[in-house]
Structures are given as structure tokens and as C-alpha cells.
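Structural characterization, general
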Amino acid sequence: MRQPLSRELSNLLERGRDRQLRLAVTGLSQAGKTAFLTSLVNQLRHAGVEARLDLLPAARDGRLLGAQRLNQPDLGVPRFPYDPGMAALRDTPPRWPEPTRGISELRLQLRYRPAQNGWLSPDIAHLTLDLFDYPGEWLLDLPLLQHDFYSWCQAQPLLEGEQRRALFSEWLDAVKALDPAAEADEAQLAHLADAYAQGLRRAKAAGFSDLQPGRFLLPGELADAPVLQFFPLPHLDASREMLNNLPQSSLYATLAARFRYYQQQVVKPFYRDHFRRFDRQIVLVDVLGALNAGPERFEDLSRALRQLMQSFDYGKRSLLSRLFAPKIDRLAIAATKADHVTPDQHSHVVQLLEALLAEPLKDLRFANVPVKALSLAAIRATEAREVLQDGKRSSALRGTTLEGEDVLVYPGDVPTRLPNADFWQHQGFDFPSFRPMPSTSDALTHIRMDAAIDWLIGDKLA
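Residues numbered from 1 in each chain as written. Predicted model: local features only at pLDDT ≥ 70, side-chain atom pairs only at ≥ 80, totals over all residues. Heavy atoms only, no water.

1. Some remarks on the overall build of the protein chain
For the record, the criterion: Numbering of helices and strands runs from the N terminus, with a helix taken as a DSSP run of H or I at least four residues long and a strand as a DSSP run of E at least two residues long. To get the radius of gyration, use the C-alpha atoms; to get the globule rule, take the number of residues to the power 0.38 and multiply by 2.2 Å. Only protein chains enter the accessibility calculation, which uses a 1.4 Å probe; a residue whose area is less than 20% of its type maximum is buried, one above 50% is exposed, and one in between is partly exposed. For this analysis, residues touch if any pair of their heavy atoms sits within 4.5 Å. Charged residues are defined narrowly, with Lys and Arg counted positive, Asp and Glu counted negative, and His plus the chain ends left uncounted. In plain terms, the charge of a residue is placed at NZ if it is Lys, CZ if Arg, CG if Asp and CD if Glu.
For the protein chain, the helix and strand inventory stands at 18 helices and ten strands. Against the globule reference of 23 Å for 462 residues, the protein chain gives a C-alpha radius of gyration of 24 Å, in line with a compact fold. Dimensions of the protein chain, computed from C-alpha atoms along their principal axes, come out at roughly 75 × 75 × 45 Å. The 462 residues of the protein chain split such that 53% are buried. Sequence-distant contacts, at least 24 apart, represent 76% of the contacts inside the protein chain between residues at least 6 apart. Measuring between centres, the 55 positive side-chain charges of the protein chain sit 8 Å from its 57 negative side-chain charges.

So this is what it looks like as C-alpha cells:
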């Protein structure tokens, strides 16, 4: 039986509209990507029931009916481990979900009532939301595409900062004696590449962010492969032209060839097959962790973020550009772990984040790319308390440390601009690592997840 003309027109309109969105959750290690995605799925699944999403108009107005998980289209990508993450958070005591070890995907179908019901508008509409998570270590490799081996060696910050140098000291002493023109020794290359990877792992554990190549930290199936047996030469004093004319069997030419192979066979396929196909993106940044760790690690985070922001492809998009020249058309930059400071400091965190990314944000806004900076806690770990101290009321946080100790802390003031030397000499900012708070309902408690969701997909739910 032929459908009414209005139904045919409505279906045609729906097919012509953009009803699918690919959202990437990116960020450096320990920024909370897995926790963010777990909370995002949880909030959408419980929208309109238990989730507190007052800053998302579709949920606040009762139009967002919820979300259902669907089978993902790409069977070669692991499913995002939402259920194990929720099981960890509901354990006794609650635990943080395991961090990402590889790329993963999850597809949701959101059902909602459109804000305006015209004769061509359906009573119930849907949005297919594809969510992607991948290790922050892989994100660090995107800036490598801007370099050849010579410029990459020159750009590495291995000699900057006393703490970083100490972590690579033995390796630095070994490579200092290398002759780029000497015949390459495979056993020596493998040994030095392993020592360099160990230095990267030590630096990551110590809180550093600008660590390349990222796959050295999470090699996966590439472990022990020659493609990962290269390293920078930080003491080059010869010209690029002279070094490029060395024999192919030389140390320099061998390392340069492996660097190019790594670019072409590891970094570019990831960028081509996954990263450049994203529609929207949120970049998570652990600003507070870097602030807590001291000046050298804070500057290291700043340098890493500047490089990363230059690697992303942003721009306006239409239905045609979506199919043939994908670009990210909306970006959120979020400082995570907002519950590690008192509520009166949340605006300071946003101002510090904007100061940290001042130049990239200017470039994005000049290009008319919608971008929003915010602070959030995907899963709350503390409660804010007003306490009486020396006869005055002050703000504090109550939480449980990872070791199980219940504490009341006064984390101190967050600077609203990039810290100067005086701040680091008199730093009063400090916080421990907390367990997630036990959940009292099926919906996880959060800070401003609704604002992030509104910015990222709210316009699609109008």
C-alpha cells in the first residue's frame, strides 16, 4: 500500500538530513578518556529517568527519550568496554575503569522528540552516535607527520629540563658516542631502541606528556618489530643535506628509513582510517595533574598540546563535504577532574586551560570553527564541603584516597593564567588521587557532563 505523500516527503527529508555523528574522545594519558566515555554512555542511557542533565535542553525538556546500544558497523574494531567499566565503578569499593589499551568503538541510537513538530517532522526522531576511544599514546604520533627524521631529531625535548634528562641519562650517554656515518649494527639498534622505550615509559610514569613515538609505550602487535627499533639522535651537528647523502647502510640512513616506514605504515593508516573521519571531537586535558606535578611537567604538557592541535583537521562541513572531505566541525576542550578542586575554583581551571591553549584557540576561532573550553568531572570522586577553620568558613573536599583513607582536603587556588616562577616557588596547590564515589543510582554523578554533551551533540537533538 502506497504511503501518504506527507509520509514519503518526511522519509525523504530524514534521509537527506545528517542523522549520524562520529564523535572522538581524545586526550593524553591519564586525562580520563575511558571514564568520560563510560559516563557519556551512562548519562545518555538514563536520560529522562535518573540522569541529571539540566544543561542539555533536550533532556531538561523531557524530549530525550534515552539511548540504546547497537551493533557497530566495523567488526574489525573492538567494542568499547562499557559493561566492565560500569562493573568496576559498582564494585565494593568502587574502582576506576581500566584505561584504554587500543582503539575501541561503540554505537548508540538516541531517540528524542523534535523541539518543533511541523507537518514534515516526525513525532520521534533518532540520531546514530558512533563513539571512538583510543590510547592517548597514539595521539602523540600525529605530529610526526609534519617531520622528516632530521627535523624530528631537532624537535625532541630530550635535553630540556633536569628531570627529563635524568630519566634518559644512560641512553643519552650511549647515543652521544654514536657516529651517524658508521655502519648500522642491528643488535646495537635494537638495544638502544629498547633503552629509549624504557626511558619513555619512565617519563610517562613520572607525569610527562610530550613522548614520541607513542607506539613505543603501547606497541601491541608491533612489539620487537624493526619498525619500532629506531630513536632520535639529539646531538646532530651536521647539515641535513650531508646526512641525507650518507650510504643506506649507515646508522643515520637506517634510522631515517625506519622513521619513514613508521610514518607511512603506522601513523598514516591510523590517521586515514580513523582520525580524519571523525565529525566532532573532545580533547581531554589533565591540567590539574600537570599543575600538581610542577613546572617542568606543566611546560611539557603545554608543548605536547600545542603540537597536537596543529595536527587536527577542522572546518565547516556540509553533506557533500561530509562524504568527500571530512573535517571536524565542532570541538570541545575539557579540563578533567574538576572535582579535585572546590567549586569556586572551577572557573579558574577553565581560564588556565584557555591560557595553556591560547594560540591554538585563536587559530580555531579565526577559522570560524566552533570551540568551547570547559571543566568537568565525568565521574565524581569528591563532595564539596563548607568547613569552619580559624573562625572563618572555607571550602574543602571530602573523598576517599586510592589507598582507602577518608580525607578532608584544601587543594588551594588554581592560577587563572600561566604560572610564573613565583607561583612555583610558593605553590599551595596539591591534591591526592581519589576513588570514584559509590553510585546511589544507576546514573553516575558528574560535574558538567551535560554541558559537554550539549555542546557536542545538542544541536542534533533540536
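From this point, things continue past the structure.
2. Quick notes on the sheet that holds strand 1 (residues 20-27)
Quick reminder of the rule: Pairing between strands is defined by DSSP: at least two bridges between them are needed. Note on method: axes are straight lines fitted to C-alpha atoms, helices fitted across the in-contact stretch only, with angles between N-to-C directions ranging 0 to 180 degrees.
With mixed pairing, seven strands are arranged side by side in an open sheet as 2-3-4-1-5-6-7. Edge positions in the sheet fall to strand 2 (64-70) and strand 7 (371-375), since each of these pairs with one other strand and no more. Averaged over all adjacent pairs, the angle separating strand axes in this sheet is 20 degrees, with direction ignored. Bridge analysis of strand 3 (residues 104-112) against strand 4 (residues 125-133) gives nine bridges, and the strand direction is antiparallel. Residue pairing for strand 4: Arg 111 is matched across the bridge by His 126. Docked against the sheet, helix 18 (residues 449-457) engages strand 1, strand 3, strand 4, strand 5 (280-285), strand 6 (330-335) and strand 7, running at close to 150 degrees with respect to strand 5.

3. Looking at unusual backbone geometry
A cis amide bond, omega -5 degrees, links Thr 92 with the succeeding residue Pro 93. The residue Pro 93 is located in the loop between helix 4 (82-89) and strand 3 in this model. A positive phi angle, near 60 degrees, is found at Arg 448, a position not held by glycine. Tracing the chain through its elements places Arg 448 in the loop between helix 17 (421-425) and helix 18.

4. Brief notes about the packing of aromatic side chains
Note the cut-off: To pair, rings of Phe, Tyr and Trp, with the six-membered ring standing in for Trp, must have centres within 6.5 Å; the planes then decide the type, stacked if under 30 degrees apart, edge-to-face if over 60, and tilted in the middle.
Applying the stated criterion across every chain, the model contains 16 aromatic pairs. Arranged with centres 5.2 Å apart and planes meeting at 40 degrees, the rings of Phe 132 and Phe 278 form a pair that is tilted. Taken together, the residues span a long stretch of sequence, with Phe 132 in strand 4 and Phe 278 in the loop between helix 11 (251-273) and strand 5 at a distance of 146 residues. Across the pair, exposure class does not vary: Phe 132 and Phe 278 are buried alike. Judged by centre distance (6.1 Å) and plane angle (80 degrees), the rings of Tyr 196 and Phe 216 are edge-to-face. Here Phe 216 lies in the loop between helix 9 (186-205) and helix 10 (240-244) and Tyr 196 lies in helix 9, a separation of 20 residues in the sequence.

5. Let's talk about the side chain of Gln 229
As for its placement among the helices and strands, Gln 229 is situated in the loop between helix 9 and helix 10. Look past the residues within four positions of Gln 229 in its chain and what remains in contact with it is Ala 190, Ala 193, Asp 224, Leu 255 and Arg 258.

6. Looking at the pairing of strand 7
With four of five residues buried, strand 7 lies mostly within the body of the structure. Pairing geometry for strand 6 and strand 7, over five bridges, is parallel. The residue bridging Leu 331 from the neighbouring strand is Val 371, located in strand 7.

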